[in-house]
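# Survey of secondary and tertiary structure
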Amino acid sequence: MTNSRRMTKKKTESTMTFHAYDTREEWLKGRSDSIGASSMAEFMVTHLLPEPMPKHVRKLEDALAFGSAWEPAIALAYADKTGLKMAGRNIRFEDLEPGTMSWHDDSFYIEDGLHCSFDAIARLEEGSYRVIEFKTSSASSEKFIGKKLRERYHRQVNIERIFSERITRQPVEMHLVFIHRPDAWKAMEPKDINDLIREDM
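The following refers to the structure shown.

About the thresholds
Residue positions are given per chain, counting from 1 as you read along its sequence in written order. Confidence filtering applies because this is a predicted model: local features only for residues at pLDDT of at least 70, side-chain atom pairs given and counted only at 80 or more, and all residues used for totals across whole chains, interfaces and linings. Hydrogens and waters are ignored; side-chain quantities use all the structure's heavy atoms. A strand pair is defined by DSSP finding two or more bridges across the two strands. Each helix is a run of H or I in the DSSP string that is no shorter than four residues. Each strand is a run of E no shorter than two, and both are numbered from the N terminus. To obtain each axis, a line is fitted to C-alpha atoms, and for helices this fit is confined to the stretch in contact; angles are then taken between N-to-C directions over 0 to 180 degrees. The rule is simple: take the accessible area with a 1.4 Å probe, protein chains only, and divide by the maximum for that residue type; under 20% is buried, over 50% is exposed, in between is partly exposed. For our purposes a nonpolar core is just a set of buried Ala, Val, Leu, Ile, Met, Phe, Trp, Tyr and Cys residues, chained together by side-chain atoms within 4.5 Å. Working rule for contacts: check all heavy atoms of both residues, and any pair within 4.5 Å makes them a contact.

Strands sit in the order β3-β4-β7-β8-β9 across an open sheet of five strands; the sheet is mixed. Each edge of the sheet is formed by a strand with only one pairing partner; in this case those strands are β3 (85-89) and β9 (172-180). Pairs of neighbouring strands in the sheet enclose a mean axial angle of 25°, with direction left out of account. Both β3 and strand β4 (residues 100-103) contribute to a ladder of four bridges, which runs parallel.

For strand β5 (residues 107-111), the tally of buried residues reaches five of five residues, placing the bulk of the element in the interior. Here four bridges tie strand β1 (residues 17-20) to β5, and the two strands are oriented antiparallel to one another. Each bridged residue has a counterpart across the sheet, and for F18 the counterpart in β5 is Y109. Where β5 lies against strand β6 (residues 114-116), three bridges are found, and the strand directions are antiparallel. Along β6, the bridge assignment pairs E111 with L114. Turn length for the β5-β6 hairpin, with the two strands adjacent in sequence and antiparallel, is two residues, and the turn residue D112 shows positive phi of about 50°.

Counting residues in hydrophobic clusters, the biggest one holds 22 residues, and the most contacted among them are Y78, M101, I132, F134 and I197. Those elements that place two or more of their residues in this core are α4 (58-82), β4, β7 (120-123), β8 (129-137), β9 and α6 (190-200). Ranked by residues supplied to this core, first place goes to α4 with eight residues. In contact with Y78, not counting residues within four places along its chain, are L84, M101, R130, I132, F134, H175, V177 and M201.

Coordinates in, geometry out; function isn't part of it.
Next up, the structure:
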């Protein structure tokens, strides 16, 4: 009787699973039947689910391309600034050593039709966890971002906090990091972009 009750409790504690993919296309397909934290955050602010992103809009494509190309450098700059050691890509919470950080890409945690793609996670020296969400924008400062968009960002971070605390079973610290995206970044030297990222950090 006692063993049966323990088995039932273990089974119902969490149905959270982690998925990592080799390509962006596989990642998009893998999460297509669920709703993401950013989409849920937008629904909480606007009461509407986001429309599919329009294609062939240069400014939007540039914004997405910058995030995809430079997020690893942003993560490394954050690690250097905060004294964390970069441990690698897509390392799960439970596999992080104290004092290390993992950049996440083409991966997500999922439970009950809601998925969460973290930008980066860290385990601090004392053993507690931190989730880092990176946001890039053509705005020169976070204060110039619209109120609704700022609210959506904070809602997303709160959803990620709930998700991460279900995974780790402990309070998780959240960091929202804003990085300016230069309008002419495609014409810039990589070193100059990297320097700007580190100045913004």
